[in-house]
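If you want the building blocks of each chain, they are given just below.
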Amino acid sequence: MAFILPTQIGTPQGELLFRKSEEITDLNEGIKIINSLRETLDFYGGVGLAAPQIGISKKVFIVNLQPAKDDSDLPDVGFKAYINPEILNVSTETNVYAEGCLSVFYATLYGSVIRPDCLKIKYLDIKGKQHIDEIYHPFHARVILHENDHLNGKIFLQLIKTEDFSQLHWNEDLDIRKK
Ligand SMILES: [Zn+2]
């Protein structure tokens, strides 16, 4: 499968972004979705992508995190898939950071979202093996929570208080349709 322009809010297909995804019961199906997610993320860029964003209402997302030159603090997670993830626990400590989304106005809209610093997640890997990971890096935790929200039919804008909407900002240069 080739890369797919991520599903957008405000379009008929985008309704999937507000629906709860279903568990993956067939690992091969999960792997096919992961391959499509990876191709799509590689093409458009970004740190994570969830199945509903490519029009598939199934519980799987991927992250792609590598330490950048300007943030060597970022853990070298690389490309990683999470099948049937479940967030077991989150920290009471939180942080605020700007988020955007490939499915929200083609990644041009950004806003500050409060998220827990750390979390514990249960998931299956691509071999169907169950893992429980503890994530201590706030940005890594943020990406996981953002992607996991997609599986619960939630987008980051729903975590921003209405009174903070005036602080959202646009960056038309980031429009993924220009890629
Ligand atoms: Zn997103």
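Residues numbered from 1 in each chain as written. Predicted model: local features only at pLDDT ≥ 70, side-chain atom pairs only at ≥ 80, totals over all residues. Heavy atoms only, no water.

What follows concerns the packing of aromatic side chains. According to the stated counting rule, one finds five aromatic pairs in the structure shown. For the ring pair Phe43 and Tyr44, a centre distance of 4.8 Å and an interplane angle of 85 degrees mean the geometry is edge-to-face. Owing to a relative accessible area of 34%, Phe43 belongs among the partly exposed residues under this scheme. Here the aromatic rings of Phe61 and Tyr82 are separated by 5.0 Å at their centres, their planes lie at 25 degrees, and the arrangement is stacked. Of this pair, Phe61 sits in strand β2 (residues 60-65) while Tyr82 sits in strand β3 (residues 78-90), and the two are 21 residues apart along the sequence. Taken together, the ring pairs in this structure connect Phe61, Tyr82 and Tyr123 into an aromatic cluster. Directly above the aromatic system of Phe79 lies the positively charged group of Arg38, at a separation of 3.9 Å from the ring centroid. Above the plane of the ring of Tyr106 lies Arg177, whose end atom (NZ or CZ) is 3.6 Å from the centre. (Phe/Tyr/Trp six-rings, centres within 6.5 Å; stacked < 30°, edge-to-face > 60°. Buried < 20%, exposed > 50% of the residue type's maximum accessible area, 1.4 Å probe, protein only. Helix = DSSP H or I, 4+ residues; strand = E, 2+ residues; numbered from the N terminus. Lys NZ or Arg CZ within 6 Å of the ring centre and 35° of its normal.)

Attention now goes to the layout of surface pockets. By volume, the largest pocket is sized at about 720 Å³. Lining the largest pocket are 30 residues, with Gly46, Val47, Gly100, Tyr110 and Phe139 sitting closest to its centre. Going through the elements one at a time, β4 (94-99) and α2 (138-151) are the ones with two or more residues in the lining of the largest pocket. With six residues, α2 is the largest single contributor of residues to the lining of the largest pocket. Counted by class, the lining of the largest pocket contains 15 nonpolar, nine polar and six charged residues. (1 Å grid on protein atoms, 1.4 Å probe; cavity = no way out; pocket = protein on both sides within 12 Å on 5 of 7 lines; lining within 4 Å. Points joined across faces, edges and corners; volume = space filled by probe spheres on them. Nonpolar A, V, L, I, M, F, W, Y, C, P; charged D, E, K, R; others polar.)

Looking now at the nonpolar core. Leu37, Leu49, Val60, Ile62 and Leu102 are the most contacted members of the largest nonpolar core, which has 17 residues in total. Taken together, the elements giving at least two residues each to this core come down to α1 (27-44), β2 and β3. Broken down by element, the residue count for this core peaks at five residues, all from α1. Apart from the residues within four sequence positions on either side, Val60 is in contact with Ile24, Ile33, Ile34, Leu37, Ala50, Ala51, Tyr82, Ile83 and Leu151. By size, the runner-up hydrophobic cluster in this structure holds 15 residues, among which are Val63, Val143, Ile144 and Leu151. (Core = buried A, V, L, I, M, F, W, Y, C linked by side-chain atoms within 4.5 Å. Contact = heavy atoms within 4.5 Å.)

A word on α1. Taking 1.5 Å as the rise per residue, α1 with 18 residues should run 26 Å; its terminal C-alpha atoms sit 26 Å apart, in good agreement. Gly30, Ile33, Ile34, Ser36, Leu37, Thr40, Leu41 and Tyr44 are the residues of α1 that are buried. Down the axis of α1, the buried side of the element spans an arc of 165 degrees, and every buried residue falls inside it. Exposed and facing more than 90 degrees away from the buried side of α1 are Asn28, Lys32 and Asp42. Summarising the contacts, the buried residues of α1 are in contact with β1 (48-50), β2 and β3. A distance of 3.0 Å separates the backbone nitrogen of Asn28 from a side-chain oxygen at the start of α1, and that oxygen is part of Asp26. With its phi angle positive at about 80 degrees, Gly45 sits one or two positions after the end of α1. (Expected span 1.5 Å × (residues − 1). Arc of directions from axis to C-beta. Polar contact = N/O pair within 3.5 Å; in protein donor to acceptor, adjacent residues only side chain to side chain.)

Read these as spatial facts, not as claims about activity.
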